[in-house]
Amino acid sequence: MNLGEAGPIGVFDSGYGGLTILHQIRQLMPEYDYLYLGDNARTPYGTRSFDVVYEFTLQAVQKLFSMGCHLIILACNTASAKALRTIQQTDLPLMEDKTKRVLGIIRPTTECIGQITQSRHVGILATSGTISSNSYSLEISKLYPDIVVTGEPCPMWVPLVENNEHDSPGADYFVKKHIENLLTRDPLIDSIILGCTHYPLLIEKIKKYTPNHVKVVSQGEYVANSLRSYLERHEDIASVCSNGGTCKFLTTENPKKFSESASIFLNSSIDAERVVLE
Ligand code: DGL
């Protein structure tokens, strides 16, 4: 393709979780074209090392760029925590096409929390990788140094969602366990950030085990608003995002299985294609 030719906005996740972000972005900005990529063959990313998450994420970004995207949202906290900075600082400057951009989802989520918490004690539920990266505590402390942040890794939650077990009774055990752990470690928490894009699919169970006075914050709406504001402020980037209102889906695993599961998550029928990342 020619440099500068408009293309879809890329949305990347290790699997199905990024669909929760895509859904909110499309609600707010249906006019753009979107290309979703789920690396279902190699999910979960949450327990993988920094180097591996970076390598896989860079491959996904390069694939989406090669398919015409100029702007890519890493709709995955683990990739945002472990790969975004290196891609932005090392890989993008080496690319010939200077219109290429990659954005993450941790910063937009942390910006909102200062207005939400009253007790100034916030909990983060996320993958082991995101929690051990300390990305949420670091970002929150830059914006709101008075907020105390406690993170709880939930390594079983992504596999529950990826295996379509998020509504099963087995999911209750793991959801209850991690919410109780978090609130035992800091009983003053009044707001919990779902710091993994898969977790909104467990929202019914998460709410069931969270006391009423504790707010549960999902990222999708904040990420979508932040992207809209970014496109308003960066007309050069907005002008290379095409406006056909379409959405295509790519997966590194079986496209039939992806289409079936994604259709349930999105509540509308979709048809995915398989791609190979290398
Ligand atoms: N949904 C992703 C996140 O937001 C990644 C989950 C995983 O692959 O472990 O962290």
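Position labels on residues start from 1 in each chain and follow its written sequence. Local features in this predicted model are restricted to residues whose pLDDT is 70 or higher, and side-chain atom pairs enter the listing and the counts only when it is 80 or higher, whereas totals over whole chains, interfaces and linings include all residues. In computing side-chain values, all of the structure's heavy atoms are included and hydrogens and water are not.

### Let's talk about the site of the ligand
At step 1: Consider each residue's heavy atoms; a residue with any of them within 4 Å of a molecule or strand counts as near. Around the ligand, the surrounding shell holds 14 residues, and the nearest of these are S14, Y45, G46, T78 and H198.
At step 2: Separating an oxygen atom of the ligand from a side-chain N or O atom of S14 is a distance of 2.5 Å.
At step 3: Whenever a nitrogen or oxygen atom comes within 3.5 Å of another N or O atom, the pair is scored as a polar contact, on the condition that within protein one atom can donate a hydrogen and the other can accept it, and that pairs from neighbouring residues in sequence are kept only if both atoms are in side chains. One of the backbone nitrogen or oxygen atoms of G46 is found 2.7 Å away from an oxygen atom of the ligand.
At step 4: All accessibility values rest on the Shrake-Rupley procedure with a 1.4 Å probe; residue burial counts only the protein chains present in the view. When the free accessible area of the ligand is taken as 290 Å², the share hidden by the protein chains comes to 99%.
At step 5: Site definitions follow a grid-based scheme: protein atoms alone, a 1 Å grid, a 1.4 Å probe that fits but cannot get out for cavities, and for pockets an open set with protein on both sides within 12 Å along at least five of seven lines, plus lining residues having an atom within 4 Å of a point. To decide whether a molecule occupies a pocket or cavity, check its atoms: if more than half lie within 2 Å of the grid points, it is inside. Under a 2 Å grid-point criterion requiring more than half of the atoms, the pocket assigned to the ligand is the largest cavity.
At step 6: When residues are sorted by character, Ala, Val, Leu, Ile, Met, Phe, Trp, Tyr, Cys and Pro go into the nonpolar class, Asp, Glu, Lys and Arg into the charged class, and all the rest, Gly among them, into the polar class. Along the lines of polarity and charge, the residues of the shell around the ligand split into five nonpolar, eight polar and one charged.

### Points about the sheet that holds strand β10 (residues 272-274)
At step 1: Each pair of strands is called paired provided DSSP finds at least two bridges between the two strands. Numbering of helices and strands runs from the N terminus; a helix is a DSSP stretch of H or I covering at least four residues, while a strand is a stretch of E covering at least two. Pairing is parallel across the open sheet formed by six strands, whose spatial order is β4-β3-β1-β2-β9-β10. Here the strands that pair on one side only, and so sit at the sheet edges, are β4 (101-103) and β10. Averaged over all pairs of adjacent strands, the angle between strand axes in this sheet comes to 25°, irrespective of strand direction.
At step 2: Summarising the sheet, strand β2 (residues 34-38) and strand β9 (residues 247-251) pair through five bridges and their orientation is parallel. Lines fitted to C-alpha atoms define the axes here, with helix axes fitted over just the stretch in contact, and angles between the N-to-C directions of these axes take values from 0 to 180 degrees.

### Section: empty space enclosed by the protein
At step 1: Grid points are joined across faces, edges and corners, and a volume is the space filled by probe spheres set on the points. Following the criterion strictly, the structure yields two cavities of 30 Å³ or more and no others.
At step 2: Within this model, the largest cavity holds a volume of roughly 60 Å³.
At step 3: For the largest cavity, the lining is made up of 13 residues, of which S14, T78, T127, C196 and H198 are closest to its centre.
At step 4: Of the residues belonging to the lining of the largest cavity, the class tally is five nonpolar, seven polar and one charged.
At step 5: Considering only enclosed or pocket space, the second largest cavity measures out at about 40 Å³ in volume.
At step 6: Looking at side-chain class alone, the lining of the second largest cavity contains five nonpolar, four polar and no charged residues.

### Details of the pattern of salt bridges
At step 1: Any Lys or Arg side-chain nitrogen found within 4 Å of a carboxyl oxygen on Asp or Glu counts as a salt bridge. Per the stated rule, a full pass over the model turns up eleven salt bridges.
At step 2: The salt bridge involving D97 is made with K100; its shortest N-O contact spans 3.6 Å.
At step 3: A salt bridge links K142 to E139; the shortest N-O distance between them is 3.2 Å. Remark: E139 and K142 occur in helix α7 (residues 135-143); sequence separation between them is three residues, near one turn of the helix.

### Quick look at the packing of aromatic side chains
At step 1: For Phe, Tyr and Trp, rings pair up if their centres lie within 6.5 Å, where Trp contributes its six-membered ring, and each pair is then called stacked (planes under 30 degrees apart), edge-to-face (over 60) or tilted (otherwise). Applying the stated criterion across every chain yields a total of eight aromatic pairs.
At step 2: With 5.7 Å between their ring centres and 55° between their planes, Y45 and F56 make a pair best called tilted. One end of the pair, Y45, is in the loop between β2 and α2 (50-66); the other, F56, is in helix α2, with eleven residues separating them in the sequence. The pair formed by Y45 and F56 is uniform in burial state, with each residue classed as buried.
At step 3: An aromatic cluster is defined as three or more aromatic residues linked by ring pairs; in this entry it consists of Y16, Y36, F249 and F258.
At step 4: Of note, R42 hangs over the ring of F56, and the distance from its end group to the ring centre comes to 3.6 Å. Burial classes follow relative accessibility: with a 1.4 Å probe on protein chains only, a residue under 20% of its type's maximum area counts as buried, one over 50% as exposed, and anything between as partly exposed. The criterion for a charge sitting over a ring is simple: Lys NZ or Arg CZ within 6 Å of the ring centre, and within 35 degrees of the ring normal.

### Focus: the packing of helix α5 (residues 106-116) against α7
Packed helices, taken two at a time, are described by the angle their axes make and the gap between the axes.
At step 1: Put simply, α5 and α7 touch, their axes get as near as 9 Å, and they point 50° apart. As judged from the angle between their axes, α5 and α7 are oblique. Remark: the crossing between α5 and α7 carries right-handed chirality. Every residue of α7 that contacts α5 at I106, R107, T109, T110, E111 and I113 is listed here: S135, Y136, E139, I140 and L143.
At step 2: Taken together, the residues that form the contact of α5 with α7 break down as five nonpolar, three polar and three charged. Reported orientations rely on four angle classes, namely roughly parallel under 35 degrees, roughly antiparallel over 145, roughly perpendicular from 65 to 115, and oblique for the rest. Two helices that cross are described as forming a left-handed crossing if the nearer one is turned anticlockwise from the farther one by less than a right angle, and a right-handed crossing if clockwise. Contact criterion: two residues are considered in contact whenever any of their non-hydrogen atoms come within 4.5 Å of each other.

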